[in-house]
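# Structural description and commentary
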Amino acid sequence: MKLHHTLALGLPMLSSWAVGAELAVKFEIPQLNVAEYHRPYVAMWLESAGKPAVTNLAVLYDVKKKENGGAKWVKDLRTFWRKSGRDMTLPMDGVSGATRATGEQKMSFGPALNQIDKLPAGDYQLVIEAAREAGGRELVRVPFKLPLSGKQTLTARGQEELGAVTLQINP
């Protein structure tokens, strides 16, 4: 009994977010009225204000191109590429995925991938970037703060390549 008590006192105090949080992201890929439509490449990551990417969540590109040829165009996601993309080897298990069709898309990221439990208190943001062949490029940021004060639902909106973006954080 005393050993149990000693172990409990020896453990660091865990704040409410330190046990891991699940991130759920909904984002809209609008159907554009253009002559030649291509599905956008999309990257999602977490970053703290003014710093490089904290963790990469997803890189959606043409993973079926022969000899990983789709990875060649990931650099068109310019902000992602500068922050962390050039240091990645694609495809990356658990991060790489296929492009998505128009409409609302949903992705979930558990604590093992999002690493939110390892982040110190402060200001952060989910960043989602989309770039389309023969099209535009857009970046949407959804700010949030740590430590979490319960479940949070935050939203932002793109103008052209992305529509509504919703981040839900469940501690």
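Residues numbered from 1 in each chain as written. Predicted model: local features only at pLDDT ≥ 70, side-chain atom pairs only at ≥ 80, totals over all residues. Heavy atoms only, no water.

Here we take up the overall build of the protein. Secondary structure assignment for the protein yields three helices and nine strands. In the protein, the succession of α and β elements from N to C terminus is α-β-β-β-α-β-β-α-β-β-β-β. Taken over 171 residues, the protein has a buried fraction of 40%. Accessible surface, the protein as shown: approximately 9800 Å² in total, 52% of it carbon and sulfur. (Helix = DSSP H or I, 4+ residues; strand = E, 2+ residues; numbered from the N terminus. Buried < 20%, exposed > 50% of the residue type's maximum accessible area, 1.4 Å probe, protein only. Areas by Shrake-Rupley, 256 points an atom, 1.4 Å probe, with all protein chains shown as cover.)

Further remarks concern the pattern of salt bridges. For the structure on display, the rule yields five salt bridges. Between Arg141 and Glu47 there is a salt bridge, and its shortest N-O distance comes to 2.4 Å. Residue Arg141 is found in strand S7 (residues 137-146), and its partner Glu47 is found in strand S2 (residues 41-48); the two are separated by 94 residues along the sequence. Taken together, the shared-partner salt bridges connect Glu47, Lys83 and Arg141 into one network. (Salt bridge = Lys/Arg side-chain N within 4 Å of Asp/Glu carboxyl O.)

What follows covers the packing of aromatic side chains. Counted under the stated rule, the structure contains three aromatic pairs. On the numbers, 5.7 Å between centres and 45° between planes, the contact of Trp45 with Phe80 is tilted. With a gap of 35 residues between them, Trp45 in strand S2 and Phe80 in helix H2 (residues 78-83) connect regions that are remote in the sequence. The buried category is assigned to Trp45, whose relative accessible area is 0%. Phe80 gets classed as buried once you look at its relative accessible area, which sits at 0%. (Phe/Tyr/Trp six-rings, centres within 6.5 Å; stacked < 30°, edge-to-face > 60°.)

Moving on, we get to the layout of surface pockets. Estimates place the volume of the largest pocket at around 270 Å³. Taken together, 13 residues make up the lining of the largest pocket; nearest its centre are His38, Arg39, Tyr41, Asp62 and Glu133. When grouped by side-chain class, the residues that make up the lining of the largest pocket number five nonpolar, two polar and six charged. (1 Å grid on protein atoms, 1.4 Å probe; cavity = no way out; pocket = protein on both sides within 12 Å on 5 of 7 lines; lining within 4 Å. Points joined across faces, edges and corners; volume = space filled by probe spheres on them. Nonpolar A, V, L, I, M, F, W, Y, C, P; charged D, E, K, R; others polar.)

Here the focus is the pairing of strand S3 (residues 53-60). Of all eight residues in S3, six are buried; the element is thus mostly enclosed. Inspection of the sheet shows S2 paired to S3 by six bridges, in the antiparallel sense. In the strand pairing of S3, Ala43 is matched with Val59. As judged from the two bridges shared by S3 and strand S4 (residues 96-97), these two strands associate in the parallel manner. Along S4, the bridge assignment pairs Val59 with Ser96. Considered for its hand, the β-α-β crossover made up of S3, H2 and S4 is right-handed. (Pairing = 2+ DSSP bridges. Right-handed = clockwise from strand over helix to strand, strands pointing away.)

Here we come to the sheet that holds S4. Taken together, the five strands give an open sheet; going across it, the order is S4-S3-S2-S6-S7, and neighbouring strands pair in mixed fashion. Among the strands making up the open sheet, the edge pair consists of S4 and S7. Bridge count between strand S6 (residues 122-131) and S7: ten bridges; the pairing is antiparallel. Residue pairing in the sheet places Tyr124 in a bridge with Phe144 of S7.

Here we come to the nonpolar core. If you look at soluble globular proteins, the nonpolar side chains tend to sit buried side by side. Within the largest apolar cluster, 29 residues are counted, with the highest numbers of intra-cluster contacts made by Phe27 and Met44. Looking at this core, the elements with two or more residues in it are strand S1 (22-29), S2, S3, strand S5 (103-109), S6, S7 and strand S9 (164-170). Excluding residues within four positions of it along the chain, Phe27 makes contact with Val42, Met44, Leu60, Gly103, Glu104, Gln105, Met107, Ile128, Leu162, Ala164 and Val165. The next biggest cluster of nonpolar side chains, apart from the first, holds 14 residues, and it includes Val59, Ala71, Val95 and Val127. (Core = buried A, V, L, I, M, F, W, Y, C linked by side-chain atoms within 4.5 Å. Contact = heavy atoms within 4.5 Å.)

The next thing to look at is the environment of Ala134. Along the polypeptide, Ala134 turns up in the loop between S6 and S7. Along the chain, Ala134 and Val34 lie 100 residues apart, while their C-alpha atoms are 9.7 Å from each other.

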